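The primary structure of each chain is shown beneath.
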Amino acid sequence: MMDRMTFESFQNYSITGARSQSQKMNLLTKEENHLFQYLKISEKQLEQEKIPQMYMDGCLKRGLKPKTDIRCRQEHSKC
């Protein structure tokens, strides 16, 4: 779940860390690669283990596509 909506919804769990040495991840989608490059430049990392299980379950049920409903982002940003 390396997409911008997930990152923005849970950016309060992001930390500043060492930059990744990888230049490009060949198996990422175009959207995932854009976010990867942004995180790499900004030296941010999302601590995904802190994302609520309910959000993860929902993404898995939808085939790993983030819910685009703004209400969902608002609900989960408080977690």
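Let us look at the structure shown here. Not measured: the values here are computed from a predicted model. (Residues numbered from 1 in each chain as written. Predicted model: local features only at pLDDT ≥ 70, side-chain atom pairs only at ≥ 80, totals over all residues. Heavy atoms only, no water.)

### Here we look at the packing of aromatic side chains
Here is step 1: Under the defined criterion, the tally for this structure stands at three aromatic pairs.
Here is step 2: When the centroid spacing of 6.2 Å and the interplanar angle of 70° are considered together, the rings of phenylalanine 7 and tyrosine 38 count as edge-to-face. Taken as a pair, phenylalanine 7 in helix 1 (residues 4–9) and tyrosine 38 in helix 2 (residues 30–42) lie far apart in primary sequence, 31 residues in all.
Here is step 3: Exposure remark for phenylalanine 7: the relative accessible area of 3% places this residue in the buried category.
Here is step 4: Overall, the relative accessible area of 32% leaves tyrosine 38 in the partly exposed class.
Here is step 5: Taken together, a centroid distance of 4.8 Å and an interplanar angle of 75° make the contact between phenylalanine 10 and tyrosine 55 edge-to-face. Of this pair, phenylalanine 10 sits in the loop between helix 1 and strand 1 (14–16) while tyrosine 55 sits in helix 3 (residues 53–61), and the two are 45 residues apart along the sequence. Of the two residues examined, phenylalanine 10 and tyrosine 55, each falls in the buried class.
Here is step 6: Here the aromatic cluster, defined as three or more aromatic residues joined through ring pairs, consists of Phe10, Tyr13 and Tyr55.
Here is step 7: The residue whose ring lies beneath arginine 4 is tyrosine 38, and the NZ or CZ to ring-centre distance is 5.0 Å. (Phe/Tyr/Trp six-rings, centres within 6.5 Å; stacked < 30°, edge-to-face > 60°. Helix = DSSP H or I, 4+ residues; strand = E, 2+ residues; numbered from the N terminus. Buried < 20%, exposed > 50% of the residue type's maximum accessible area, 1.4 Å probe, protein only. Lys NZ or Arg CZ within 6 Å of the ring centre and 35° of its normal.)

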